[in-house]
Amino acid sequence: MSHDILITGGSGYLGGSMLARWSEAGLPAYNKLFALVRTPKQAEAVKQYGAEPLIFDAFNESEVWAAVVDNSITVVYHLIAPASHVSQSYFLKAMAEVQKKTGLDVHFLHTSGAKIFSSHAGAPTDKPLFDSDPKLLEIQKAQTATFPWMQEAVDANNLVIEEAEKYGIRSYVFVPCIVYGEGEGFGNRISIQTVAIVRAAEAVKRVYRVDTGRPTWPVCHVRDNTGLYLDLMRKILAGENPGYGKNGYYLASPGSVAWDDLYDAMAAALKKRTVVTDDTVAIADDQTIEAMGKALGCPGALVPVMVGGKCTFTADRGPKELGWKPLYTPEHILEYADAEVDFILRNKTW
């Protein structure tokens, strides 16, 4: 029997970009590709990628069970709700039943985020933290996040791995970072992180830094993020046993850049378009942080989480185990900042 695959989050920036590149990826044979959708319009949209639409509530246990079990889904790429394990738990229970029914290995990918491996979540940042570190699950379980919702996201990573192991399911924790570039899907085509910088700067008429020192953060072009998703799928479908469980963390990033350099590049692009009045980057005071928070729709205390922090998470497993080769260097985000700002401003959603 060959695999039946389900993608959730296909209307999003990452999921849509992956679906758009699916047919040209040269993946090994599988039975069917399904995509979770919410509306008839989305259902029509995913058909162009060769996906069969499924409409169900990913947070309703009985609906998840019916969708997964009735369609014998053996591979799930879960690209929604990284800060909760509720939906993930429902999928894992249903997939355990499919495994029992088909005798096939079943695979569940949980999409997390680099913030969960950063200073904001209590991760170590004094040296590179490799996604291939055999003690990464132990490190994550020892973390204490700054905010309860972020602790929930840390816990979700851990619970997915442990619950999947309990059921004999192969789990993967996929970690996007600052992803940039024009999305290629039918739905959302702009990033989240770079948008936050633009949105806050537009409100206060200047780009502000929110950290002391010169912290860095991993970055990745959306094409390369898609590439890692598809490289992992290729190994799964080929039965080549990519690392899973506590050895199944995958960061999509060719390297890191300093926030200061990213701020500088985006400030120049914003000044060029008269969105800000000054292209020099200043330190944000409390009043400015509150104003930035208002623009971002969050309390001031969350602004440093949205546009700053330190993350030393480093990709190792993808290049070594999957043969992932990024097309773009980390510095490309600085060269691309002008185009990124232009695309964001032309596709504003606020």
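Everything below is about the structure printed above this text.
Anyway, here's the lowdown on the structure attached to this text. (Residues numbered from 1 in each chain as written. Predicted model: local features only at pLDDT ≥ 70, side-chain atom pairs only at ≥ 80, totals over all residues. Heavy atoms only, no water.)

Per the secondary structure count, the chain includes 14 helices and 14 strands. Dimensions along the principal axes, computed over C-alpha positions, put the chain at roughly 60 × 45 × 35 Å. Of the contacts formed within the chain by residues at least 6 apart in sequence, a portion of 79% connects residues at least 24 apart. Considering the chain, the positive charge centre built from 34 side chains and the negative charge centre built from 41 side chains are found 2 Å apart. (Helix = DSSP H or I, 4+ residues; strand = E, 2+ residues; numbered from the N terminus. Contact = heavy atoms within 4.5 Å. Lys, Arg positive; Asp, Glu negative; His and termini not counted. Charge placed at Lys NZ, Arg CZ, Asp CG, Glu CD.)

The next point concerns the nonpolar core. In globular proteins that are soluble, nonpolar side chains generally tend to be buried together. Core analysis: the largest hydrophobic core is formed by 100 residues, its most contacted members being W22, Y77 and M292. Non-local contacts of Y77, meaning those with residues more than four positions away in its chain, are made with L6, I7, T8, M18, L109, Y229, L232, M233 and I236. Listed in part, the 24 residues of the second largest apolar core include A67, V69, I73 and F108. (Core = buried A, V, L, I, M, F, W, Y, C linked by side-chain atoms within 4.5 Å. Buried < 20%, exposed > 50% of the residue type's maximum accessible area, 1.4 Å probe, protein only.)

On to the packing of aromatic side chains. A complete count under the given rule lists 13 aromatic pairs for this structure. Between F117 and Y249, the ring centres sit 6.0 Å apart and the planes meet at 85°, which makes this aromatic pair edge-to-face. Taken together, the residues span a long stretch of sequence, with F117 in the loop between β5 (107-111) and β6 (129-130) and Y249 in strand β11 (residues 249-251) at a distance of 132 residues. We note R317 situated over the ring of Y250; from NZ or CZ to the ring centre the distance is 6.0 Å. (Phe/Tyr/Trp six-rings, centres within 6.5 Å; stacked < 30°, edge-to-face > 60°. Lys NZ or Arg CZ within 6 Å of the ring centre and 35° of its normal.)

Before going further, it helps to spend a moment on helix α6 (residues 148-167). Between its first and last C-alpha atoms α6 spans 28 Å; for 20 residues at 1.5 Å apiece the expected length is 28 Å, and the two agree. Restricting attention to buried positions, one finds in α6 the residues M150, Q151, A153, V154, A156, N157, N158, V160, I161, E163 and A164. The inward-facing, buried residues of α6 abut α4 (86-102), β5, α5 (136-142), β7 (170-175), β11 and α11 (303-307). G168 sits one or two residues past α6 and shows a positive phi near 75°. (Expected span 1.5 Å × (residues − 1).)

All right, on to the pattern of salt bridges then. Within this structure, the stated rule accounts for 21 salt bridges. Counted as one network, the salt bridges with shared partners bring together K272, R273, D338, D342 and R346. (Salt bridge = Lys/Arg side-chain N within 4 Å of Asp/Glu carboxyl O.)

Another point: the environment of V98. Checked against the element boundaries, V98 lands in helix α4. In this structure the C-alpha to C-alpha distance between V98 and H78, which are 20 residues apart in sequence, comes to 17 Å.

Packing of helix α7 (residues 193-204) against helix α14 (residues 337-346) brings their axes to within 10 Å, and their N-to-C directions diverge by 75°. It follows that α7 is roughly perpendicular to α14 by the angle criterion. Contact with α7, carried on its side by T194, V195 and V198, involves E340, V341, I344 and L345 of α14 and no other residues of that element. Split by residue class, the contact of α7 with α14 holds five nonpolar, one polar and one charged. (Axes fitted to C-alpha atoms, helices over the stretch in contact; angles between N-to-C directions. Parallel < 35°, antiparallel > 145°, perpendicular 65-115°, else oblique. Nonpolar A, V, L, I, M, F, W, Y, C, P; charged D, E, K, R; others polar.)

Before going further, it helps to examine the pairing of strand β3 (residues 52-55). Two strands pair when backbone bridges link them, and strand β2 (residues 32-37) and β3 are joined in this way by four bridges, in the parallel orientation. Residue pairing for β3: A35 is matched across the bridge by P53. Regarding the hand of the β-α-β motif, the stretch spanning β2, helix α2 (residues 40-47) and β3 is right-handed. (Pairing = 2+ DSSP bridges. Right-handed = clockwise from strand over helix to strand, strands pointing away.)

One open sheet accounts for three strands, arranged β8-β10-β12; its pairing is mixed. Here the strands that pair on one side only, and so sit at the sheet edges, are β8 (178-180) and β12 (255-258). The sheet shows a mean angle of 45° between the axes of neighbouring strands, taken without regard to direction. The pairing of β8 with strand β10 (residues 216-221) spans three bridges and is parallel. The residue of β10 that forms the bridge with V179 is C220.

Attention now goes to unusual backbone geometry. With a phi angle near 50°, S72 is a residue other than glycine that sits in the positive phi range. In this structure, S72 sits in the loop between α3 (61-70) and β4 (75-78). The buried category is assigned to S72, whose relative accessible area is 17%. Despite not being glycine, A81 has its phi angle at roughly 50°, a positive value.

Across the interface, α4 lies against α6 with an axial gap of 10 Å and an inter-helix angle of 20°. Between α4 and α6, the angle is such that the two are roughly parallel. Crossing hand, α4 versus α6: right-handed. Here Q88, S89, L92, K93, A96 and Q99 of α4 come into contact with α6, specifically with V160, E163, A164 and Y167. (Left-handed = near helix turned anticlockwise from the far one by under 90°.)

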